[in-house]
Amino acid sequence: MSLSNPLPFKQRVEQGLNDPFLRQSLKNAQARFREGKQRAAQILGNLEEWRTRAEAIRHHTIEHLDYYLDQFATNVENNGGTVFFAETEQEAVDYLIRLAKAKQAKTVIKSKSMVSEETHVNKRLEEIGVEAIESDLGEYIIQLAKEMPSHIIAPAIHKNRRQIAQLFAEVAGKELPEDTSALTRFARHQLRDKFLNADIGISGCNFAVAETGSIVLVSNEGNARLTTTLPKTHVVMMGMERIVPTWEDLDAVLSLLPRSATGQKITSYVTALTGPRRENDQDGPEEMHVIIVDNGRSNALGTEYQSILHCIRCGACLNVCPVYRHIGGHAYGGVYTGPVGAVLTPILEGFDEWEELPYASSLCGACTETCPVKIPLHDMLIDLRRDEVDEKRSPGVERFIFRLFGTAMNNPALYRLGLKMAKHLLKPFADDEGFLNKGPGPLKAWTEERDFPAPAKESFREWWQRAGRYGGDPDGR
Ligand code: SF4
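The structure displayed is predicted, hence computed values, not measured ones.

## Looking at unusual backbone geometry
Then step 1. Phi at histidine 120 takes a positive value of approximately 55 degrees, unusual for a residue other than glycine.
Then step 2. Its place among the elements puts histidine 120 in the loop between α6 (114-118) and α7 (121-127).
Then step 3. With a phi close to 60 degrees, leucine 363 is a non-glycine residue in the positive phi region.
Then step 4. Within the fold, leucine 363 resides in the loop between α15 (338-349) and α16 (366-370).

If you want it as structure tokens, here you go:
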């Protein structure tokens, strides 16, 4: 994975903040998704019990990932499929390229797959002259716009009807009405031929059931079924953590996924695929290849971050995050956006390109509270910040200030002196309400965006000496 937007983090954030359409549409979408989720939770009745059960399943699976991956791979092969374990992005895409060349593929149709975004499959296929077409409507829109998804379950959430009509008009070579039904009809018409003529279909995998070697896909558009059954070769690209041990376990996580994502009880289509077409089957692909991708996921195994692999990609944490609402998905710079992206991306890729991400959070904890598998996202963000400090990645000035603060906190005389000095030094910058809105030096950046409380005119200790002995009466009577 690499930065989808080469601008520095602060500029990406500025872009989001300065886009009023984006902010309004995210606000609306968040409200819609949140209300839907609340309604679905009420109908379910005992959401906390489901969350506890789903967390236990995910915990058990990831604790025994090697066992279940082995069981899954064996069953896929017993069903007639082929399994390839890719340690890196390069290995995953190289396998796909070899397959595309062997099949002399000209076109590939894709249903939604975050792993294929993560591994930049479309670009690599284009480099060898293979056309890759996204068939999920949202993915199709952002493919035409040459952008990355900005939301895990609603990739084109940042686009309005006018922008979509313009994108489709370029394909049509004529103006198209800004009407949702007409635009959807146009996309369907465009894609229908592509499904029929594609040499390879690539899908993601919402869950992989170890006990039978089955792939489970959830979608609302039906494109996943066409992608996985019409072309002669079907390739599944899945992160290695997508496993669930049994169908009974699937029931628990599948009950939570759509409810947490969109508030739906179930998506329009839930597709389970167990191997390629068998002798007497009416349809289905002749070959099924499953590429199981690590690409940095092992970095989390055995660490305090292991539970990020429990994620079921529902997007609920994005739907409650105030930071995501204001800056939008592209500000995160990678495929995974919002709170889950802020945690996952630096773990997959390291801090070099992603050191700002753990700071893209107000630490309000709404993400943790909503997560259906109880991943402690905001605690992890704090831990990642700590790791960055341990690696000395925080700015030198900041480290110096905190060292000074630490020394002062350990020495009462120094602390009192520091407080007195701060009170006098900062007094000229304080407004009538006791806030600094144009702080000096290192406070400048902070106070550009928000106010900082000025030191109190009278410290607690001073007040106590003056009034405490009179039972706390501030007038000392
Ligand atoms: S971290 Fe939790 S809430 Fe966020 S996408 Fe993953 S499962 Fe959903």
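Read on, since the account is not over.
## Some thoughts on the side chain of glutamine 30
Then step 1. Positionally, glutamine 30 belongs in helix α2 (residues 20-44).
Then step 2. Judged by relative accessible area, glutamine 30 falls into the buried class, the value being 2%.
Then step 3. Leave out the neighbours within four places in its chain, and glutamine 30 touches Leu318, Asn319, Val320, Cys321, Tyr324 and Arg325.

## Some details on the state of the cysteines
Then step 1. Here the structure, examined in full by the defined rule, presents zero disulfides.
Then step 2. Between cysteine 364, a cysteine without a disulfide, and cysteine 367, which holds the nearest cysteine sulfur, the sulfur-to-sulfur distance is 6.2 Å.
Then step 3. Given the relative accessible area of 49%, cysteine 364 is considered partly exposed.

## As for the nonpolar core
Then step 1. With 85 residues, the main nonpolar core has Phe72, Phe207, Ile215, Met238, Ile243, Ile308 and Tyr332 as its most contacted residues.
Then step 2. Beyond its immediate chain neighbours, meaning those up to four positions away, methionine 238 contacts Phe72, Val115, Cys205, Ala208, Ile215, Ile243, Val290, Ile291, Ile292 and Val293.
Then step 3. One finds Ala92, Val93, Val108 and Ile200 within the second-largest nonpolar core, a separate group that totals 21 residues.

## Focus: the domain arrangement of the protein
For interface size, the figure often reported is the accessible area lost on association.
Then step 1. Under the domain assignment, the protein is made up of domain 1 (17-299) and domain 2 (396-470).
Then step 2. Here the C-alpha centre of domain 2 lies 52 Å away from the C-alpha centre of domain 1.

## Here's the deal with a nonpolar patch on the surface
Then step 1. A grouping of Phe402, Phe405, Met409, Tyr415 and Leu419 is seen on the molecular surface, where their side chains present a nonpolar patch of about 510 Å² in accessible area.
Then step 2. Elements that contribute at least two residues to the nonpolar patch include exactly α18 (396-409) and α19 (412-426).
Then step 3. For the nonpolar patch, the element with the highest residue contribution is α18, accounting for three residues.
Then step 4. Residue placement: tyrosine 415 occurs in helix α19.
Then step 5. Accessibility expressed as a relative area gives 36% for tyrosine 415, which makes it partly exposed.

## So, the sheet that holds strand β6 (residues 214-219)
Then step 1. Taken in spatial order, the four strands make up an open sheet running β8-β5-β6-β9, and their pairing is mixed. Single-partner strands in this sheet number two, and they are β8 (243-244) and β9 (269-273).
Then step 2. As judged from the three bridges shared by strand β5 (residues 207-209) and β6, these two strands associate in the antiparallel manner. Paired with valine 209 across the two strands is serine 214, which belongs to β6.
Then step 3. Along the sheet face, helix α12 (residues 247-261) touches β5, β6, β8 and β9 and points at about 165 degrees away from the line of β5.

## Re the sheet that holds strand β1 (residues 82-86)
Then step 1. The strand order across the open sheet built from six strands is β1-β10-β7-β4-β2-β3, with neighbouring strands paired in parallel fashion. Where the open sheet ends on each side, the last strands, each with one partner, are β1 and β3 (131-134). With direction set aside, neighbouring strand axes in the sheet form an average angle of 20 degrees.
Then step 2. In this structure, strand β7 (residues 233-239) lies alongside strand β10 (residues 287-293), joined through seven bridges in parallel fashion. Considered in β10, the bridge of valine 236 is made with valine 290.
Then step 3. Each of β1, β7 and β10 touches helix α4 (residues 65-78); the most contacted strand, β1, lies at about 145 degrees to it.

## Quick notes on α15
Then step 1. Taking 1.5 Å per residue, 12 residues should reach 16 Å; α15 reaches 16 Å between its end C-alpha atoms and fits that length.
Then step 2. Most of α15 sits inside the fold, with 11 of its 12 residues counted as buried.
Then step 3. Regarding α15, the residues found buried are Gly338, Pro339, Val340, Gly341, Ala342, Val343, Leu344, Thr345, Pro346, Ile347 and Leu348.
Then step 4. Buried residues along α15 sit in contact with α6, α13 (316-320), α14 (322-327), α16 and α17 (377-390).
Then step 5. Positive backbone phi, at 85 degrees, marks glycine 350, one or two positions downstream of α15.

## Focus: the site of the ligand
Then step 1. If you check the shell around the ligand, you find 13 residues, and the closest are Cys311, Cys314, Gly315, Cys317 and Cys371.
Then step 2. Across the shell around the ligand, the residue classes break down as 11 nonpolar, one polar and one charged.

## A closer look at the environment of isoleucine 43
Then step 1. By the element assignment, isoleucine 43 lies in helix α2.
Then step 2. A residue is classified by how much of its surface remains accessible, and isoleucine 43, at 67% relative accessible area, is exposed.
Then step 3. The spatial distance from the C-alpha of isoleucine 43 to the C-alpha of tyrosine 415 is 55 Å, given a sequence separation of 372 residues.

What counts, and at which threshold
- Residues numbered from 1 in each chain as written.
- Predicted model: local features only at pLDDT ≥ 70, side-chain atom pairs only at ≥ 80, totals over all residues.
- Heavy atoms only, no water.
- Helix = DSSP H or I, 4+ residues; strand = E, 2+ residues; numbered from the N terminus.
- Buried < 20%, exposed > 50% of the residue type's maximum accessible area, 1.4 Å probe, protein only.
- Contact = heavy atoms within 4.5 Å.
- Disulfide = S-S within 2.5 Å.
- Core = buried A, V, L, I, M, F, W, Y, C linked by side-chain atoms within 4.5 Å.
- Domains from an automatic or database assignment.
- Patch = residues over 30% accessible without salt bridge, like charges linked within 9 Å, V, L, I, M, F, W, Y side chains within 5 Å.
- Areas by Shrake-Rupley, 256 points an atom, 1.4 Å probe, with all protein chains shown as cover.
- Salt bridge = Lys/Arg side-chain N within 4 Å of Asp/Glu carboxyl O.
- Pairing = 2+ DSSP bridges.
- Axes fitted to C-alpha atoms, helices over the stretch in contact; angles between N-to-C directions.
- Expected span 1.5 Å × (residues − 1).
- Near = heavy atom within 4 Å.
- Nonpolar A, V, L, I, M, F, W, Y, C, P; charged D, E, K, R; others polar.

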